[in-house]
Amino acid sequence: MNNQLQKSNIQPALVEACLILDQLQHAGFTAYIVGGAVRDTLVKRNISDVDIATSATPEQVMAIFPRCIPTGLQHGTVTVLHYGHSYEVTTYRAEDHYKDHRRPEKVSFVEDIYADLERRDFTMNAMALDRNFVLHDPFQGYSDLINGQLRCVGKSDERFQEDALRMLRAVRFCTTYELTPLLSLWRAIAKHRPLLAYIAMERVNYELTRMLSHRSFVSGIQLMQRNSLLLHTKEHLIVAGVWNDLEIGCFVKLNADILTHIDARWAAIFIASNLTSAQTANDLRALKFSNDQRATIVGCVSINEAVRQMHFEEEPLMEHTWVELLLIHHLDQLELWLYQLAPIFAPILYEKLVVIHHSLRIYSVKELCIRGNDLMKWTGQPAGAWVKEQLAHIMKQVATGQLENEREQIQSYVKDKVEGE
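The rules behind the values
- Residues numbered from 1 in each chain as written.
- Predicted model: local features only at pLDDT ≥ 70, side-chain atom pairs only at ≥ 80, totals over all residues.
- Heavy atoms only, no water.
- Pairing = 2+ DSSP bridges.
- Helix = DSSP H or I, 4+ residues; strand = E, 2+ residues; numbered from the N terminus.
- 1 Å grid on protein atoms, 1.4 Å probe; cavity = no way out; pocket = protein on both sides within 12 Å on 5 of 7 lines; lining within 4 Å.
- Points joined across faces, edges and corners; volume = space filled by probe spheres on them.
- Nonpolar A, V, L, I, M, F, W, Y, C, P; charged D, E, K, R; others polar.
- Phe/Tyr/Trp six-rings, centres within 6.5 Å; stacked < 30°, edge-to-face > 60°.
- Buried < 20%, exposed > 50% of the residue type's maximum accessible area, 1.4 Å probe, protein only.
- Lys NZ or Arg CZ within 6 Å of the ring centre and 35° of its normal.
- Bend = angle between axes of the 7 residues up to and from the residue.
- Salt bridge = Lys/Arg side-chain N within 4 Å of Asp/Glu carboxyl O.

Colleague: If you had to explain the pairing of strand β3 (residues 51–54) to someone new, which residues and values would you point to?
Modeller: Examined bridge by bridge, strand β2 (residues 31–34) and β3 share four bridges and lie antiparallel to one another. Counterpart to Ala31 in the pairing with β3 is Thr54. Pairing of β3 with strand β6 (residues 85–91), which is carried by four bridges, proceeds in the parallel orientation. By the bridge assignment, Thr54 is partnered in β6 with Thr91.

Here it is in structure tokens:
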């Protein structure tokens, strides 16, 4: 199928990429726009990055363009820098003898765009646009997109055995493009899912995070739950094990319009799966999250645990408990839980907690106008655990409006307290 795009579908990024195609063709080579830019153009999504496939070798590409980065010469890829834009330019290639179910042992350059498209994972990714914006679609990828189905190029069994990561990519594409996997593809995942053990956990994290970044992320989680794919990762994930005992509908309440922050979405998955903060931390370490992101997600799960265990019959008690949480958790974690997770997991308390949170005078010990040295000076006592305890106590008094955040008032309060003891 070769169809020319309508002018209304041609985005500026495609026009700019044609400057690269023009120079390659002027030098005697063929070149096409490939990959996600083609796919997203056809479904009318905005594009930014544009990848190019060409008959020129990496050395020939670097001879044509003065500003290049040899990002992947062994795979035929050069990054061309051109008028403030970067383009991954890759030589047409064929792949053979995959090792460890992830990377090809042998990459050979070919001169035919068809052979290059034939090696790709899914039909939706095996399309190309030429300089005149004519679509080259030998595997009917556009038809699959229009019909809402995900299909492998060739046999699904072979594609997943070559690169096990494609199984995760299949779930992500079904989620982000709202596609239904072909039955043969779905069965191939069930057959070859143990091969996911060959895939680095960082890559698993990357695919899951991209899936969770889409507003239809709940459908992706449900697909993962149905196919038990995550039971076969290189490192054990507790969350994958508990999904077998959960109803598919347990994730339906996770509202993408409320859960706009990716860390909140991760936390929501663990909370909805009934994982503790310790279990959550275990899975996040296995998935190689950064320390900062792990702290935020675990913090949200921990706050949710604490709120579920507390009794909020009276508003003064609720206020006291909320300030206690402020002393334990970072403010950004508490606010992330309050504004994105509480409406879902603590709807009865949500509005009251928002009112309490807004009514507080300060939100941390650091906002006090005094320091630990002041307490030691006023009381004549040496440093010790009592200093931290007193600062926390004073913070509670100031936060709830029972004491002004003024140095003289706090000093008088501390002296009265000492004399009373």
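Colleague: Account for empty space enclosed by the protein, with residues named and values stated.
Modeller: Applying the stated criterion across every chain yields a total of two cavities of 30 Å³ or more. Empty space within the largest cavity amounts to approximately 100 Å³. Along the walls of the largest cavity sit 13 residues, with Leu208, Leu230, Val239, Trp243 and Trp266 positioned nearest its centre. For the lining of the largest cavity, a count of residues per class yields twelve nonpolar, no polar and one charged.

Colleague: How would you summarise the layout of surface pockets if you had to cite specific residues and measurements?
Modeller: Its boundaries defined by the atoms lining it, the largest pocket holds a volume of some 1600 Å³. Around the largest pocket sit 47 residues that line it, and Asp51, Glu88, Arg120, Arg169 and Arg203 are the ones nearest its centre. Listed by contribution, the elements that provide at least two residues to the lining of the largest pocket are α2 (36–42), β3, β4 (68–72), β6, β7 (93–99), β8 (103–109), α7 (165–176) and α9 (201–212). For the lining of the largest pocket, the element with the most residues is α7, which contributes six residues. Split by residue class, the lining of the largest pocket holds twelve nonpolar, 15 polar and 20 charged. By volume, the second largest pocket amounts to about 360 Å³. If you go around the second largest pocket, you meet 14 residues; those closest to its centre are Leu326, Leu327, His329, Ser364 and Val365. Of all the secondary-structure elements, those providing two or more residues to the lining of the second largest pocket are α15 (315–328) and α19 (385–399). At four residues, the largest contribution of residues to the lining of the second largest pocket is made by α19. For the lining of the second largest pocket, a count of residues per class yields eight nonpolar, three polar and three charged.

Colleague: Outline the packing of aromatic side chains, supporting the account with residue identities and numerical values.
Modeller: Counted under the stated rule, the structure contains seven aromatic pairs. A ring pair is formed by Phe122 and Phe173, whose centres lie 5.8 Å apart and whose planes are at 80°; its orientation type is edge-to-face. Remark: Phe173 occurs in helix α7 and Phe122 occurs in the loop between α4 (113–118) and β9 (128–129); sequence separation between them is 51 residues. An identical accessibility class is assigned to Phe122 and Phe173; each is buried. Stacked on the ring of Tyr177, the Lys or Arg Arg45 has its end atom at 4.0 Å from the ring centre. One cation-aromatic arrangement involves Arg172 over Phe173; the distance from NZ or CZ to the ring centre is 4.8 Å.

Colleague: Break down helix α16 (residues 331–345) for me, with residues and values.
Modeller: Along α16, the largest kink reaches about 40° and is centred on Leu338. Every buried residue of α16 is accounted for by Gln333, Leu334, Leu336, Trp337, Leu338, Gln340, Leu341, Ala342, Ile344 and Phe345.

Colleague: Account for the pattern of salt bridges, naming residues and giving values.
Modeller: Under the criterion given, the structure shown has 16 salt bridges. Between Glu162 and Arg166 there is a salt bridge whose closest N-O contact spans 2.7 Å. Among the ionic contacts, a cluster of salt bridges with common partners joins Glu158, Arg159, Glu162 and Arg166.

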